[in-house]
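# Examination of the molecular architecture
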Amino acid sequence: MTSRSASQAVACPDCDLLQQIPALPPGDKAICTRCGCLLAKKPLGPKDLPLALTIAAAITFVVANAVPLMDLSAVGRSASTTIVGGAYEMWMQDEAITGVLVAFCAVIAPGGYLLFMLTLLLGARRTPPPSWLGEMLRWASHFEIWSMLEVMMLGILVSLVKIAELATVAAGIGMYAVGALMLLFPAIAVTFDARDLWQRIEWADGEMPPAEPVGAPVAEPAA
Amino acid sequence: MTPALATAAQAGLVSCEACHLLSQPASATEPGFCRRCGEELEFRRHASIEKTWALIIAAAICYIPANVLPVLNTTSLGVSEPDTILGGVAFLYSSGSWPLALIVLVASVMIPLGKLVALVYLLLSVQRGSVANSRDRTRLYRMVEFIGRWSMLDVFVDTFTVALVQLQPLMSVAPGTGVLFFAAVVVLTMLAAEAFDPRLIWDPSNPHRIRHG
């Protein structure tokens, strides 16, 4: 195959300005000349680093959900909660919608993101990557927006401080797992190059990815 | 092909929102589907201004009960005490953890309000066809998009307080109605930011105006 790293025309997603993206050295990124939006990046590190980080995050995610986040003890009584336990308690206390939202932002969205990323990173090892990976990538980016583990972490810390006034509270192993995920999620995002995958992927219309950068193919007419 | 500063729309091209492939639209009214990823192509997000306005207005309405109604009800030895978001901030402040009080105040009160004001400003400036400060307005939009999730903070604080403090009959905490409205504000403003199309900020700066689909 001929080099596909030649410069390519893109339109800035934030201001629609047409510009060429030059071949980037590793660790470099290209930003829009007009509005400063990030257009492309060439991550440092080995090609399989995002996959390794995603596997690590998936294992940590299972731990974070399986063990208690924190324990409380007061006058001989004790209680503990997991992430799902928090959402379930909201559901039981007549705040079903809030409970579902918490479960979505703290469990379903991050879990779905990891699942889709794992599938697509494994699938991306095939040449050419099959076109259904595009669908996975779209789902992963939707879930990424609603995955709020870092916000939850801060929320738990605030609630610990509030409760500490009334009872003895201690962080459980789940908290450390969530803390690790707070670092792993951005690490995946930074090392994963979606643009590179899109350039290699098999096209939805059944064509092979073009060896040379395309000018502008004609879109398929609406059905 | 095109002069140095041309947009895709000016060049008659449409950029896929999912995979960013540039395509020549099948027709000007119905651009069709991206050949690489199959996503429906649009020059600009469909009915962006109307949708964003609708979501902002809904969020602004929910913002009032979110701050007035209690988010938590603490029952201690039979005595029940409601707690609003600002009450929670005051509690954190008086118990000596003012940094946390400040974080909750910023995340729960100032960020949602700031997002609403910022989006209204962006919409009005786009509707007036303003060409000034386009770069700053785009930056403001990106900040709104980035910071929005942090308003969810108080929902998580309330959830885990409720989940942990269940020591009946000694002391228990139940969620209040305010928390639902508060969650609605966060979700609606996040959806509003997603519905807004930042490319509209730049369209008046480009010589040939294009239609907003």
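So, how was this worked out
- Residues numbered from 1 in each chain as written.
- Chains lettered and ligands numbered in written order.
- Predicted model: local features only at pLDDT ≥ 70, side-chain atom pairs only at ≥ 80, totals over all residues.
- Domains from an automatic or database assignment.
- Contact = placed C-beta atoms within 7 Å.
- Helix = DSSP H or I, 4+ residues; strand = E, 2+ residues; numbered from the N terminus.
- Nonpolar A, V, L, I, M, F, W, Y, C, P; charged D, E, K, R; others polar.
- Pairing = 2+ DSSP bridges.
- Axes fitted to C-alpha atoms, helices over the stretch in contact; angles between N-to-C directions.
- Expected span 1.5 Å × (residues − 1).
- pLDDT = per-residue confidence, 0-100.
- Parallel < 35°, antiparallel > 145°, perpendicular 65-115°, else oblique.
- Left-handed = near helix turned anticlockwise from the far one by under 90°.
- Buried ≥ 20, exposed ≤ 12 C-beta atoms within 10 Å, placed from the backbone.

In this section: the domain arrangement of chain B. Domain assignment breaks chain B into domain 1 (1–43) and domain 2 (47–205). Relative to domain 2 of chain B, the C-alpha centre of domain 1 of chain B lies at a distance of 35 Å.

What follows deals with the interface of chain A and chain B. Contact residues are listed per partner, giving 56 residues for chain A and 64 residues for chain B. Counting residues per element, the ones that place at least two in the side of chain A that touches chain B are strand E1 (8–11), strand E5 (70–74), strand E6 (77–81), helix H2 (83–92), helix H3 (96–123), helix H4 (132–146) and helix H5 (149–164) of chain A. In terms of residues, the side of chain A that touches chain B owes the most to one element, H5(A), which gives ten residues. Counted by class, the side of chain A that touches chain B contains 37 nonpolar, nine polar and ten charged residues.

Moving on, we come to the sheet that holds strand E7 (residues 168–171) of chain A. In space, the three strands of this open sheet follow the order E6-E5-E7 (chain A), with antiparallel pairing throughout. This sheet does not close on itself; its edge strands, each paired only once, are E6 and E7 of chain A. Adjacent strand axes in the sheet meet at a mean angle of 15° when their direction is disregarded. Two strands pair when backbone bridges link them, and E5(A) and E7(A) are joined in this way by four bridges, in the antiparallel orientation. Residue pairing in the sheet places A:Asp71 in a bridge with A:Ala170 of E7(A). Where helix H5 (residues 153–164) of chain B meets the sheet, its contacts fall on E5 and E6 of chain A, and the angle it forms with E6(A) comes to roughly 140°.

It is worth spelling out helix H4 (residues 134–147) of chain B at this point. Over its 14 residues, H4(B) extends 20 Å from the first C-alpha to the last, a length consistent with the 20 Å expected when each residue adds 1.5 Å. Close packing links the buried residues of H4(B) with helix H3 (98–127), helix H6 (178–195) and helix H7 (199–202) of chain B.

Below, the discussion takes up the confidence of the model for chain A. Looking at chain A, pLDDT values average 86 and 89% of them are 70 or higher. Confidence over residues 1–6 of chain A falls short of pLDDT 50; this stretch has nine contacts with residues more than four positions distant or in other chains.

With that settled, consider the sheet that holds strand E5 (residues 166–167) of chain B. Residues and elements named next belong to chain B. One open sheet holds the four strands; their spatial order is E4-E3-E6-E5, and the pairing between them is antiparallel. This sheet does not close on itself; its edge strands, each paired only once, are strand E4 (79–83) and E5. Relative to strand E6 (residues 171–175), strand E3 (residues 72–76) runs antiparallel, the two being bridged by five bridges. Its bridge partner lying in E6, serine 76 is registered against methionine 171.

Domain assignment breaks chain A into domain 1 (1–42) and domain 2 (47–200). Domain 1 of chain A and domain 2 of chain A are separated by 31 Å when their C-alpha centres are compared.

This part takes up the packing of helix H2 (residues 85–94) of chain B against H3(B). Residues and elements named next belong to chain B. At a minimum axis separation of 7 Å, H2 and H3 run at an interaxial angle of 165°. Here H3 runs roughly antiparallel to H2, going by the angle between their axes. Considering how the two elements wind past one another, H2 and H3 form a crossing that is left-handed. Taken together, the residues of H3 that come into contact with H2 (itself represented by Ile85, Gly88, Val89, Leu92 and Tyr93) are Trp98, Leu100, Ala101, Val104, Leu105, Ser108 and Val109. In the contact of H2 with H3, the residues fall into ten nonpolar, two polar and no charged.

Attention now goes to the environment of A:Met136. Residues and elements named next belong to chain A. Structurally, the position occupied by methionine 136 is in helix H4. Look at methionine 136 and you get buried, because 20 C-beta atoms sit within 10 Å. Sequence separation between methionine 136 and phenylalanine 116 is 20 residues; the distance between their C-alpha atoms is 5.6 Å. Sequence-distant contacts of methionine 136, defined by excluding residues within four places in its chain, comprise Phe116, Thr119 and Leu120.

Glancing now at the pairing of E1(A). All names here are of chain A. Judged from the four bridges that link them, E1 and strand E2 (residues 18–21) form a sheet pairing that is antiparallel. Bridge pairing in E2 places glutamine 8 opposite isoleucine 21. Between the end of E1 and the start of E2, which pair antiparallel, lie six residues, with aspartate 16 showing a positive phi angle near 70°.

Glancing now at unusual backbone geometry. Glycine aside, residues mostly have negative phi angles, and peptide bonds mostly take the trans form. For the bond from A:Thr127 to A:Pro128, the omega torsion is -15°, close enough to zero to count as cis. Following the sequence through the fold, A:Pro128 ends up in the loop between H3 and H4. Located in the positive-phi region is A:Asp16, a residue other than glycine, with phi close to 70°. Of note, A:Asp16 is situated in the loop between E1 and E2. Residue classification places A:Asp16 among the buried residues on the basis of 30 C-beta atoms within 10 Å. With a phi close to 50°, B:Asn133 is a non-glycine residue in the positive phi region. Note that B:Asn133 resides in the loop between H3 and H4.

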